[in-house]
Amino acid sequence: MIHYKTEPEIELMRQSALLVSSTLAEIAGMLKPGIDTISVDKRIGEYIRDNGAIPSFLNYKGYRFNSCISVNDVVVHGFPNEKELKEGDIVTIDIGVIKNQYHGDHAYTFAIGNPGAEVMQLINVTKAALYKGIEKAVSGNRIGDIAFAIQEHTEKKNGYGVVRELVGHGIGRSLHEEPNVPNYGKKGSGPKLKEGLVLAIEPMINMGTREVYTEDDGWTVRTKDGKPSVHFEHDVCVRKNKADILSDYGIIEKAEGANPHLFTA
Ligand code: MF3
Ligand code: CO
């Protein structure tokens, strides 16, 4: 069943989404070569709790961390660990919160130092594809219109691999609600979009082939060819004429630009 949100619910969801954005901005200020990702994860947990919310990934289906931190060929669901980030790594930080009973869930990929032009291109194209998908999140369209726009920009135009096994989702009082939001598909297919539907749209795009596998830990998803993968995610409310992006990359990009250790487009 699809849950359409009322205006007051949408405003609460905006608060949850923006708390994830400000957490990502806080983290953008501390990323640098030599930092280990478990200390990043600890800061994420503190920041969320200091702001009156709960990290929603912790204990989700037995997950043991506040966030997912996915480095280089890890596509999603990387465990924070003791390993230090190094110059040229790319790192996706995916964070979820519950505040006032509503979930926020979004992600951003950062470059630690310069990963090279090819990888920067993958980052830029994936972020641009997310916005191309978001443009289609207006009432009257269908899920397939979002999916098609993302696939066109990444796979068709740039020859990247679009991960099939993991998809975006509705979000609200639950982290994952109906409908699924794939990053590949046909125009005009799938459930119809109606005002008040809130979606987590999240392209996961591989530099090489689309194939992935899950490690024996049951969570860590990696590319089969070992090439890097990028993931961007926004929480978006379907509206009549223009999609309403509840999360905010502006504050993250500002913090990213102010950190000399991070490479930006
Ligand atoms: N952000 C992921 C998603 O959209 C969820 C992470 S799984 C968890 O589904 F276990 F870390 F919560
Ligand atoms: Co998500």
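This text goes with the structure placed above it.
Here the structure is a predicted model, which is why all the values come from computation and not from measurement.

Chemist: Just to check I follow, could you spell out the packing of helix α1 (residues 7-28) against helix α2 (residues 37-50) for this structure?
Modeler: The contact between α1 and α2 brings their axes to 10 Å, and the two run at 140°. One element, α1, and the other, α2, form an angle in the oblique class. The handedness of the crossing between α1 and α2 comes out as right-handed. Residue-level contacts link Leu19, Ser22, Thr23, Glu26 and Ile27 of α1 to Val40, Arg43, Ile44, Tyr47 and Ile48 of α2. Partitioning the contact of α1 with α2 into residue classes produces six nonpolar, two polar and two charged.

Chemist: Before we go on, may I ask you to explain the site of ligand 1 in this structure?
Modeler: Around ligand 1 sit Phe57, Tyr60, Tyr63, Cys68, His77, Asp94, Asp105, His169, His176, Glu202, Trp219 and Glu233, and that is every residue in its neighbourhood. Between ligand 1 and the protein, one listed contact pairs an oxygen atom with a side-chain N or O atom of Glu202 at 2.8 Å. For ligand 1, the accessible surface in isolation is 330 Å², of which the surrounding protein chains cover 95%. Spatially, ligand 1 is embedded in the largest pocket. Along the lines of polarity and charge, the residues of the shell around ligand 1 split into five nonpolar, three polar and four charged.

Chemist: What's the story with the layout of surface pockets in this structure? I'm lost.
Modeler: For the largest pocket, the calculated volume is near 430 Å³. Around the largest pocket, the lining comprises 21 residues; the ones closest to its centre are Tyr60, His77, Leu166, His176 and Glu202. Classifying every residue of the lining of the largest pocket by side-chain character gives 10 nonpolar, six polar and five charged. Within this model, the second largest pocket holds a volume of roughly 310 Å³. Around the second largest pocket sit 17 residues that line it, and Val71, Val74, Asn81, Lys83 and Arg222 are the ones nearest its centre. For the lining of the second largest pocket, the per-class residue count stands at five nonpolar, five polar and seven charged.

Chemist: What should I look at first to understand the nonpolar core in this one?
Modeler: Looking at soluble globular proteins, one finds that nonpolar side chains tend to be buried together. Membership of the largest hydrophobic core comes to 54 residues, with the highest contact counts inside it found for Leu31, Ile93, Phe110, Leu199 and Ile201. At the level of secondary structure, the elements contributing two or more residues to this core comprise α1, α2, β4 (90-99), β5 (102-112), α3 (117-135), α4 (143-158), β9 (198-201) and α5 (249-258). In terms of residues, this core owes the most to one element, α3, which gives eight residues. Aside from chain neighbours lying at most four places away, what touches Leu31 is Val40, Leu85, Val91, Ile93, Phe110, Ile112, Asn259, His261 and Leu262.

Chemist: Got a minute to help me understand a positive patch on the surface in this structure?
Modeler: There is a patch of like positive charges on the surface, built from Lys132, Lys136, Lys157 and Lys187. Within the secondary structure, Lys136 sits in the loop between α3 and α4.

Chemist: For this particular structure, what's the right way to read the sheet that holds strand β12 (residues 221-223)?
Modeler: In sheet architecture, strand pairing relies on hydrogen bonds along the backbone and comes in two forms, parallel and antiparallel. With antiparallel pairing, three strands are arranged side by side in an open sheet as β3-β12-β11. Across the chains shown, the open sheet's two edge strands, defined by having one partner strand only, are β3 (74-76) and β11 (212-214). Averaged over neighbouring strand pairs, the angle between their axes works out to 40° when direction is ignored. Pairing analysis gives three bridges linking β11 to β12, with the strands arranged antiparallel. Looking across to β12, one finds that Tyr213 is bridged to Arg222.

Chemist: What's the story with the side chain of Asp244 in this structure? I'm lost.
Modeler: Its location among the elements puts Asp244 in strand β15 (residues 244-245). Reaching out from Asp244, the side chain makes a polar contact with the side chain of Arg239 at a distance of 3.1 Å. For Asp244, the residues in contact, after removing those within four places along its chain, are Arg14, Asp235, Val236, Cys237 and Arg239.

Chemist: Would you explain the coordination of the cobalt ion (ligand 2) in this entry?
Modeler: Note on metal sites: the ideal angle is 109.5 degrees for four tetrahedral donors, and 90 or 180 degrees for six octahedral donors. Distances from the cobalt ion (ligand 2) to its protein donors, namely Asp105 (OD), His169 (NE2), Glu202 (OE) and Glu233 (OE), fall within the range 2.1 to 2.3 Å. Between the donor residues of the cobalt ion (ligand 2), the gaps in sequence give the motif D-x63-H-x32-E-x30-E. One end of the pair, Asp105, is in strand β5; the other, Glu233, is in the loop between β13 (229-231) and β14 (234-237), with 128 residues separating them in the sequence. Just as Asp105 is buried, Glu233 falls in that class too.

Chemist: What's the story with α2 in this structure? I'm lost.
Modeler: Since one α-helical turn is 3.6 residues long, residues separated by three or four positions face the same way. Helix length check: α2 (14 residues) gives 20 Å between terminal C-alpha atoms against 20 Å at 1.5 Å per residue, within 8%. Where α2 is concerned, the buried positions are Thr37, Ile38, Val40, Asp41, Ile44, Gly45, Tyr47 and Ile48. Two or three places before Ile38, at the start of α2, stands the capping residue Asp36, its side-chain oxygen 3.3 Å from that residue's backbone nitrogen.

Chemist: What is the right way to look at the pairing of β14 in this model?
Modeler: Along any regular strand the residues' side chains alternate between the sheet's two faces. Every second residue of β14 is oriented toward a common face, with His234 and Val236 on one face and Asp235 and Cys237 on the other, all of them buried. Both β9 and β14 contribute to a ladder of four bridges, which runs antiparallel. Its bridge partner being in β14, Ile201 is matched across the sheet by His234. As defined by bridge partners, β14 adjoins β15 across two bridges and the pair is classed as antiparallel. If you follow Val236 over to β15, its bridge partner there is Ile245. Connecting β14 to the next strand, β15, in antiparallel fashion are six residues.

Basis of the calculations
Residues numbered from 1 in each chain as written. Chains lettered and ligands numbered in written order. Predicted model: local features only at pLDDT ≥ 70, side-chain atom pairs only at ≥ 80, totals over all residues. Heavy atoms only, no water. Axes fitted to C-alpha atoms, helices over the stretch in contact; angles between N-to-C directions. Helix = DSSP H or I, 4+ residues; strand = E, 2+ residues; numbered from the N terminus. Parallel < 35°, antiparallel > 145°, perpendicular 65-115°, else oblique. Left-handed = near helix turned anticlockwise from the far one by under 90°. Contact = heavy atoms within 4.5 Å. Nonpolar A, V, L, I, M, F, W, Y, C, P; charged D, E, K, R; others polar. Near = heavy atom within 4 Å. Polar contact = N/O pair within 3.5 Å; in protein donor to acceptor, adjacent residues only side chain to side chain. Areas by Shrake-Rupley, 256 points an atom, 1.4 Å probe, with all protein chains shown as cover. 1 Å grid on protein atoms, 1.4 Å probe; cavity = no way out; pocket = protein on both sides within 12 Å on 5 of 7 lines; lining within 4 Å. Sits in = over half its atoms within 2 Å of the grid points. Points joined across faces, edges and corners; volume = space filled by probe spheres on them. Core = buried A, V, L, I, M, F, W, Y, C linked by side-chain atoms within 4.5 Å. Buried < 20%, exposed > 50% of the residue type's maximum accessible area, 1.4 Å probe, protein only. Patch = residues over 30% accessible without salt bridge, like charges linked within 9 Å, V, L, I, M, F, W, Y side chains within 5 Å. Salt bridge = Lys/Arg side-chain N within 4 Å of Asp/Glu carboxyl O. Lys, Arg positive; Asp, Glu negative; His and termini not counted. Charge placed at Lys NZ, Arg CZ, Asp CG, Glu CD. Pairing = 2+ DSSP bridges. Donors = N, O, S within 2.8 Å, 3.2 Å for Na, K, Ca; no water. Expected span 1.5 Å × (residues − 1).

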